[in-house]
There are 2 protein chains.
Amino acid sequence: MPMQAFPRRIAVLGSTGSIGRQTLDVVRAHPQQFQVVALAARNNVALLAEQAREFSPALVASDAEDPAALAQLADLLPQAQRGMDGLLAVATHPDADIVVAATSGLIGLRPTLAAIAAGKTIALANKETLVMAGHLVMAAAREHGVAIMPIDSEHSALWQCLRGEDPAAIRKLIITASGGPFRHASLDEMARVTAAQALRHPTWVMGPKITIDSATLMNKGLEVIEGHWLFDVPYDRIEVVVQPQSIIHSMVEFIDGSIKMQASLPSMHLTIQEALSHPQRLDNSGNDLLRPLDWPTVVRLDFEALDIERFPCFRLALEAGRRGGTAPAVLVGADETAVALFLRGEIGLMEIPARIERALAAHRVIDDPDLDAVLDACHWARDYAAHSLL
Amino acid sequence: MPMQAFPRRIAVLGSTGSIGRQTLDVVRAHPQQFQVVALAARNNVALLAEQAREFSPALVASDAEDPAALAQLADLLPQAQRGMDGLLAVATHPDADIVVAATSGLIGLRPTLAAIAAGKTIALANKETLVMAGHLVMAAAREHGVAIMPIDSEHSALWQCLRGEDPAAIRKLIITASGGPFRHASLDEMARVTAAQALRHPTWVMGPKITIDSATLMNKGLEVIEGHWLFDVPYDRIEVVVQPQSIIHSMVEFIDGSIKMQASLPSMHLTIQEALSHPQRLDNSGNDLLRPLDWPTVVRLDFEALDIERFPCFRLALEAGRRGGTAPAVLVGADETAVALFLRGEIGLMEIPARIERALAAHRVIDDPDLDAVLDACHWARDYAAHSLL
């Protein structure tokens, strides 16, 4: 893949979400290196308008569906492109070198594939894209000679550890997990957990969906699937180990037995910057994006085995990943519904894996599915998990 | 520097010492990748003869001085070349691609420079070489386009972390230290330590000189000086942190704040293999050179600040390194004598830094010394430290 010169021109899908806002922080910290050329968001039109004023992108888009947001859009951003066409225009903007795919859920899948087809480097924050359609995305990336740069601290860590290394020398990817807020909770305790408790993540501040996925360790299962696709490593050579302080973001063990790991205080800013600046590193000593680690004050790093019994979502994700085909799409769809129900207080935390397991059991897997088959399976699972009754 | 093909042909200076023997273990484990073409050792003629029988090198040399060893040499290895000429012949053997410089003390300096001049890749285990003559060795390596591969777990770790990275992106080298057997001992306790106590290193099994240097943290100071030369990083950007388990062998902090570290169970086999096989990694799953780390059973890694007050040898090394010129040669010479006196029970452990400090204070530093000036300063300091009386 060609190495892009600086300044690199960036399009952001999902600019008002957590990753989107932090992407713009990175651009702000490195104005010589990055320019924003296109922004897309959904309902937070006020923030999108503010971002448009600050960065003067050539194109703004919103696929807002909320009536209040639509009214605001007409008022604040009359020039914005609308709907999926708007997202696709941002994803394929001719001036963009890099597309940050940071929408949540399924909506990013089509624009990401469009960006790949348009030859853009992809900075990928949206897990669902690779989990559900890894076979399509990686094949398209190979076909168009496009790099997929992970915006996920674990995969960014693996990516960094693999710089200058021969992929054939990988023995194992070792993905670290904080263990989430219920690392030491019993199954009974977890069954009684409230949404407020589950939203208190010990080390990372993130959106609500991913925070719940972190509490159930679904998120870690999705990361294993992502890792499988990004690094082309079979599932039996991807391990997960709990590292509660979230300082070691992942490790690679090589065939000679040497292990490399990447560390920092938890910071999506660093991960985003790494994806945008690769293979160059940009100096952060003059900004406040990342507080450096001070080793003597770190004092200790703990490691624990992951207790799969207490985290059935992790097991289900691995089973779906290994099964392949439409199974991961069903996993993602059922999880999306179950987490939403949990956040609304309608089901308990342990009902999330139960709903997913029922959806996976009821689904007839289609092998090597095209994009429509993937999306159909996901939509089916969303509905199934909403209505399934024991 | 040209990448050498396999099999790589190896000459070993110091083949009967700890690093030399482990180098031959690595060759034994990877017979398709490595061939021994020349071996040199000092007094352990019986072992040298055994190695010669096993590996059939084209050349064997010994610079034995011990009369019994000389008699054995005539008997067991009549074909062996003798003295410094023998070492130089091994170091410059026309068939050798890589010269492992694993003699102890000063003796390796001249053969190493000769090997560099002959265009050999240097796998450098001898610390004194870079500490005393880093300016000469690195200039010669640049002139002859030769790579200096460190055989020292810390520098090997730094080297591995820097693969694929731009040296300009280094913010800090962070060298780890086990802290040695007296990590938590008081100055009073250390003053009363016996040689037997000091020889019990908590995590590494090594020769006596380096084990005492590890107990006083002189070894860590020498490693900082080595790191300065190997990676061309100024002293104020090299830090030391105590990592008592000796699992993390060192780290690099980059300008963006990201940190990479290398880990394994303590193993010189791995470090030697890395130096010999670079940039390729060779599979160790079929041999017993290295027990892999099992993360969940590692449980924890601790980090502590280094207490410079209790380890004056570390401070003296850094002062000598920063001063440059002949100061590091004086440090090395005085330390060699003082450690020998300590091992013979003639002085206490804390008299080691006292003798070194007196030698450094009495020495008039010569800037940018040539090899003779370096060796003269070292020999002077050896004598001075032996005879100095308070």
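(A) Quick look at the sheet that holds strand β3 (residues 59-62) of chain B. Residues and elements named next belong to chain B. If you walk across this open sheet you meet the seven strands as β4-β3-β2-β1-β5-β6-β7, and the pairing is parallel. Pairing within the sheet leaves two strands with one partner each, and these edge strands are β4 (81-82) and β7 (148-150). Two elements, strand β5 (residues 98-101) and strand β6 (residues 121-124), share four bridges in a ladder whose sense is parallel. Bridging across to β6, I98 finds its partner in T121.

(B) Looking closely at the environment of B:Q273. Inspection of the secondary structure assignment puts B:Q273 in helix α12 (residues 268-277). For the pair B:Q273 and B:H30, spaced 243 residues apart in the sequence, the C-alpha separation amounts to 9.4 Å. Residues contacting B:Q273, with those up to four places away along its chain left out, are A:D256, B:V26, B:H30, B:H278, B:L282, B:N284 and B:L289.

(C) Focus on the relation of the copies chain B and chain A. Superposition record for chain B on chain A: RMSD 0.0 Å, screw rotation 180°, translation along axis 0.0 Å. Both copies are brought into coincidence by an operation consistent with a two-fold rotation axis. Among all residues of chain B, the minimum C-alpha distance to the rotation axis is found for B:G164, at 1.9 Å. Comparing contact sets, 100% of the residues at the interface of chain B also lie at the interface in chain A, consistent with an isologous, same-surface contact.

(D) Examining the domain arrangement of chain A more closely. Residues and elements named next belong to chain A. Split into domains, chain A comes out as domain 1 (8-151), domain 2 (153-264 + 292-309) and domain 3 (324-390). For domain 1 and domain 3, the distance between their C-alpha centroids amounts to 26 Å. If you look at the interface, domain 1 gives ten residues, while domain 3 gives 14 residues. Surface buried jointly by domain 1 and domain 3 totals about 960 Å² across both partners, of which 76% is contributed by carbon and sulfur atoms. On the domain 1 side of the contact with domain 3, L106, R110 and M132 bury the most area, a combined 49% of that side's loss.

Conventions adopted
- Residues numbered from 1 in each chain as written.
- Chains lettered and ligands numbered in written order.
- Predicted model: local features only at pLDDT ≥ 70, side-chain atom pairs only at ≥ 80, totals over all residues.
- Heavy atoms only, no water.
- Pairing = 2+ DSSP bridges.
- Helix = DSSP H or I, 4+ residues; strand = E, 2+ residues; numbered from the N terminus.
- Contact = heavy atoms within 4.5 Å.
- Least-squares fit on C-alpha atoms with pLDDT ≥ 70 in both.
- Domains from an automatic or database assignment.
- Buried area = accessible area lost by both parts, 1.4 Å probe.

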